[in-house]
Amino acid sequence: MKKFLQKAGVIVFIIIGITFISFALIYLSPSDPATMILEANGMHADEDAVIALKQQLGLDKPFPVQYLSWLNGLFHGNLGTSYRMKEPVTSILLNAPPNTLMVAFGAMALTLLIAIPVGTMCAVTKDSIFDTIIKYITFLFASFPSFFLALLLLYLLGMKAGIFSVIGTTSGLGMIMPILTLAFGNCAWYIRQIRTIVLGELNKEYIRGLRSRGVTNSKILFYHVLKNSMIPIVTMVGISFGSMLGGTVIVESIFTWPGIGKIAVDAISQRDYPLIQGFVVWVSLMYFAINGGLEYLYVLLDPRIKRKKRPPDQ
C-alpha cells in the first residue's frame, strides 16, 4: 500500500508539472482566444467586447490565479468548458476516445499480424532474397511520413479505386483507411525490430544446446524463441500504442475521423485552451496507465521478473 501511494504521489507531481508547463505555454501564446471566439461567431471584436468576454472566461486574471483555479477544477473532476463547442471538456474527452481506441486497436492488431511472422521469417532466413526484399520495402515505408501514406491511400483507394469515400465518415468503413495508414507505418519499424530481437535469441547458447539435443527447429522457434522475444515486443507495443491513444493527430485530421487527435488539432487551431489542457491531461494519464500495465504484464510473461521484496523487519 505504501509503495502504491508513493507511485501515485509521483504521478500526481509529474502531471502537475506537465500541466503547469503546457498552461504557461498557452498563456504566453501571442494570439487572443477572446478575439478569435468573437470573430468565429461573426461578431465585431471591438475592445469593449473583448474585455467583457475575457472577464466572462476568467482570462483577465493573473497567470497564477488562472492556473490554480484550473488545477482546483482538475482535482474535482472539472476541466472547464470548451470555448468552441460550449460543452464540458470532461464529456468531450469521454466521448472521443472510443473512436481513437477502435483505430488504435485495429492498427495494432494488423501490425502484429503482419510484423511478427514477417520479422520472424526474415530472422530465420537471414540475408536471403526474401530478407533483402523485405529490408528494402521496410526502408521505403519507414521513409514515408504518416500524412504522405494517408494521402496516398486516399488517392489510390478513394479516388482511383473508389472503394472508400474520400469524405470522412463515422461508419465502420471510415476507420479502415486510418487503420491501414497506421499499420503500414508501424510495420516498417516493427518488422526490422522483431527481426533483430529474434536473431538475438537464435544466437544465444541455449538454442545451440536445444539443437544439440535434437529439438526440431520449429519447436525451438515457437516454444522458446518467440516466447522469450515477447517482453521486448510488448515494450514496443506499449510505446507505440501510447502514442496512438494520445491521438493519431495527423491521420485523424486527414480522414476527418472524430477521435481525440482531431479534437486536439481543432482545439489548437481555435485556441480552445480548456480543451487543449484536457488533452494534455488525457495523454499523460494514458502513458502512466500503459507503463503501469506493462510492469504487470512483464511479470505474467516471465515469472522470473519480480518486484524487489521488502527487507525483513528487524
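The rules behind the values
- Residues numbered from 1 in each chain as written.
- Predicted model: local features only at pLDDT ≥ 70, side-chain atom pairs only at ≥ 80, totals over all residues.
- Heavy atoms only, no water.
- Helix = DSSP H or I, 4+ residues; strand = E, 2+ residues; numbered from the N terminus.
- Buried < 20%, exposed > 50% of the residue type's maximum accessible area, 1.4 Å probe, protein only.
- Contact = heavy atoms within 4.5 Å.
- Areas by Shrake-Rupley, 256 points an atom, 1.4 Å probe, with all protein chains shown as cover.
- Salt bridge = Lys/Arg side-chain N within 4 Å of Asp/Glu carboxyl O.
- Phe/Tyr/Trp six-rings, centres within 6.5 Å; stacked < 30°, edge-to-face > 60°.
- Lys NZ or Arg CZ within 6 Å of the ring centre and 35° of its normal.
- Axes fitted to C-alpha atoms, helices over the stretch in contact; angles between N-to-C directions.
- Parallel < 35°, antiparallel > 145°, perpendicular 65-115°, else oblique.
- Left-handed = near helix turned anticlockwise from the far one by under 90°.
- Nonpolar A, V, L, I, M, F, W, Y, C, P; charged D, E, K, R; others polar.
- Arc of directions from axis to C-beta.
- Core = buried A, V, L, I, M, F, W, Y, C linked by side-chain atoms within 4.5 Å.
- pLDDT = per-residue confidence, 0-100.

Chemist: What am I meant to see in the overall build of the protein chain here?
Modeler: Tallying secondary structure elements over the protein chain gives 15 helices and zero strands in all. Considering the protein chain as a whole, with its 314 residues, one finds that 39% of them fall into the buried category. Across the protein chain, every contact between residues at least 6 apart in sequence was considered, and the portion connecting residues at least 24 apart equals 72%. Surface accessibility of the protein chain: about 18200 Å² in total, with carbon and sulfur atoms responsible for 68%.

Chemist: Looking at this model, I keep getting lost on the pattern of salt bridges. Mind explaining?
Modeler: Pairing is possible between side chains of opposite charge, provided their charged atoms come close. Scanning the entire structure with this criterion turns up three salt bridges. The salt bridge partner of E201 is K204, with a shortest N-O separation of 2.8 Å. Overall, E201 belongs to the buried group, its relative accessible area being 8%.

Chemist: Help me understand the packing of aromatic side chains in this model?
Modeler: Any pair of aromatic rings gets described here by the distance separating the centres and the angle formed by the planes. What the rule picks out here adds up to 12 aromatic pairs. Relative to Y67, the ring of F63 lies with its centre 6.3 Å away and its plane at 15 degrees, an arrangement referred to as stacked. Residue F63 and its partner Y67 are both found in helix α4 (residues 63-75); the two are separated by four residues, about one turn of the helix. Classification of F63 by relative accessible area gives buried; the value is 16%. Lying across the ring of F139, R192 places its NZ or CZ 5.8 Å from the centre.

Chemist: Sorry, what's going on with the packing of helix α7 (residues 129-142) against helix α9 (residues 176-202) here?
Modeler: How two helices sit against one another is set out by the angle between their axes and by the gap between those axes. At a closest axis distance of 8 Å, the pairing of α7 and α9 adopts a crossing angle of 135 degrees. Judged by the angle between their axes, α7 and α9 are oblique. For the element pair α7 and α9, the recorded crossing hand is left-handed. Contact residues: α7 offers D131, I134, K135, T138, F141 and A142, while α9 offers F184, A188, I191, R192 and R195. The residue inventory of the contact of α7 with α9, partitioned by class, reads six nonpolar, one polar and four charged.

Chemist: Looking at this model, I keep getting lost on helix α14 (residues 260-269). Mind explaining?
Modeler: Side chains three or four residues apart in an α-helix point the same way, a direct result of the helix having 3.6 residues per turn. Every buried residue belonging to α14 is among I260, G261, I263, A264 and A267, and all of these are buried. Taken end-on, α14 shows its buried residues confined to a sector of 160 degrees, consistent with a single buried face. Following α14 by one or two positions, R271 adopts a phi angle in the positive range, close to 55 degrees.

Chemist: How do you make sense of the nonpolar core when you look at a structure like this?
Modeler: Residues Y190, I194, V198, V225 and M244 are the most contacted members of the largest nonpolar core, which totals 43 residues. Elements that contribute at least two residues to this core include exactly α6 (97-124), α8 (146-160), α9, α10 (205-212), α11 (217-228), α12 (230-245) and α15 (273-301). Among the elements that take part in this core, α9 stands out by supplying 12 residues, more than any other. Apart from residues no more than four positions distant in its own chain, M244 is found in contact with T100, A104, A107, M108, L182 and N186. Membership of the second largest hydrophobic core comes to 32 residues, among which are L38, V50, L74 and I260.

Chemist: Quick question: what am I supposed to make of the environment of M236 here?
Modeler: Along the polypeptide, M236 turns up in helix α12. For M236 and I194, which are 42 residues apart along the polypeptide, the C-alpha to C-alpha distance reads 9.6 Å. Those residues in contact with M236 that sit more than four places away from it in its chain are W189, Y190, Q193, I194 and I197.

Chemist: Explain the confidence of the model for the protein chain here, please?
Modeler: Where the model shows low pLDDT, its predicted coordinates should not be examined in detail. Summing up the model confidence of the protein chain, the mean pLDDT is 80 and the portion of residues at 70 or higher is 89%. Within the protein chain, α7 carries the highest mean pLDDT (89), whereas helix α2 (residues 33-40) carries the lowest (72).

Chemist: Even after reading the chapter, I still don't get the packing of α8 against α9, so can you show me in this structure?
Modeler: At a minimum axis separation of 9 Å, α8 and α9 run at an interaxial angle of 130 degrees. Of the possible angle classes, the one that applies to α8 and α9 is oblique. In this structure, the crossing between α8 and α9 has a hand that is right-handed. Residues S146, L149, A150, L153, L154 and L157 of α8 lie in contact with α9, whose contacting residues are M177, L180, T181, F184 and G185. Of the residues contributing to the contact of α8 with α9, the split by class is eight nonpolar, three polar and no charged.

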